[in-house]
Amino acid sequence: VRFHQAGNRQQRRQQQQPQGEQQGPVNPIAQILQLAPLILLFLMSFFNGFPSGNTPQPFSLQPHASYRVPMETRENVRGIRGGIKYYVMDDFMKNYGRDRRTVEASVQQTFHDELHSECLGQRNTQKRMLYRAKTQRRKADRDMMMEQANSFDTSSCDEYQRWFG
């Protein structure tokens, strides 16, 4: 009787294993429909990051033709670092005077993100330079390239550290 039960267990295992592998061909439309919510979420977040065609962004971190009035984020405003320079349009106070704290929070976030991105770019470039230097066969070339990599400008990282340490 035991031999018969062991044989049944083996037969059941053999029947169960191929079932996972024997699923029919995958329908590509079904796969796309499963990804649709993620794609939709990505597209919505992507397009929400841009100002709409009717309303211009209230500030710029660099002066432009329409953003000529220099301003700085204020000290002692809760959650905002003072002293970040930005530029606004002539009618800024009329349009955004009451929302200035919200605008300054956006200025700080944009400043942070741009500085962080610049720092990452500089560090990646420096890492590539160091790698190229390490792979040089001649010691003179390797030493020269290591010196160039070590003296590469990472001022955005220094500034990022100073502001957001």
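Okay, so let's go over this structure. (Residues numbered from 1 in each chain as written. Predicted model: local features only at pLDDT ≥ 70, side-chain atom pairs only at ≥ 80, totals over all residues. Heavy atoms only, no water.)

## Considering the overall build of the protein
- Secondary structure assignment for the protein yields six helices and two strands.
- Counting across all 165 residues of the protein, residues that qualify as buried make up 22%.
- Considering only residue pairs separated by 6 or more positions, the protein has 54% of its internal contacts joining residues 24 or more positions apart.
- With the model as given, the accessible surface of the protein reaches about 13,300 Å², and the carbon-plus-sulfur share is 52%. (Helix = DSSP H or I, 4+ residues; strand = E, 2+ residues; numbered from the N terminus. Buried < 20%, exposed > 50% of the residue type's maximum accessible area, 1.4 Å probe, protein only. Contact = heavy atoms within 4.5 Å. Areas by Shrake-Rupley, 256 points an atom, 1.4 Å probe, with all protein chains shown as cover.)

## A short note on the packing of aromatic side chains
- One pass over the structure, following the stated rule, counts five aromatic pairs.
- Between Y160 and F164 the ring centres are 5.5 Å apart and the planes differ by 40°, which places this aromatic pair in the tilted class. Remark: F164 and Y160 occur in helix α6 (residues 155–164); sequence separation between them is four residues, near one turn of the helix. Comparing Y160 with F164, the two get one shared label, buried. (Phe/Tyr/Trp six-rings, centres within 6.5 Å; stacked < 30°, edge-to-face > 60°.)

## Quick look at the state of the cysteines
- Going through the model one piece at a time under the given rule, you end up with one disulfide.
- What pairs with C119 in a disulfide is C157, and their sulfur atoms sit 2.1 Å apart. One disulfide, between C119 and C157, carries an S-S torsion of 105° and so falls in the right-handed class. Taken together, the residues span a long stretch of sequence, with C119 in helix α4 (residues 100–134) and C157 in helix α6 at a distance of 38 residues. C157 carries the same exposure label as C119, and that label is buried. (Disulfide = S-S within 2.5 Å.)

## A look at the pattern of salt bridges
- Throughout the structure, instances matching the rule amount to seven salt bridges.
- Measuring nitrogen to oxygen at the nearest pair gives 2.8 Å for the salt bridge that ties K139 to D143. Here K139 and its partner D143 are both found in helix α5 (residues 139–150), four residues apart, which amounts to about one turn of the helix.
- You can call D143 partly exposed: its relative accessible area is 40%.
- For R162, the salt bridge goes to E159, with nearest N and O atoms at 3.9 Å. (Salt bridge = Lys/Arg side-chain N within 4 Å of Asp/Glu carboxyl O.)

## Considering the environment of Y160
- Judged by its relative accessible area of 19%, Y160 falls in the buried class.
- Between the alpha carbons of Y160 and E114 there is a distance of 9.6 Å; along the sequence they are 46 residues apart.
- Y160 has contacts with H112, L115, H116 and G165, leaving out every residue within four places of it along the chain.

So far we have only geometry, and geometry alone does not tell us how the molecule works.
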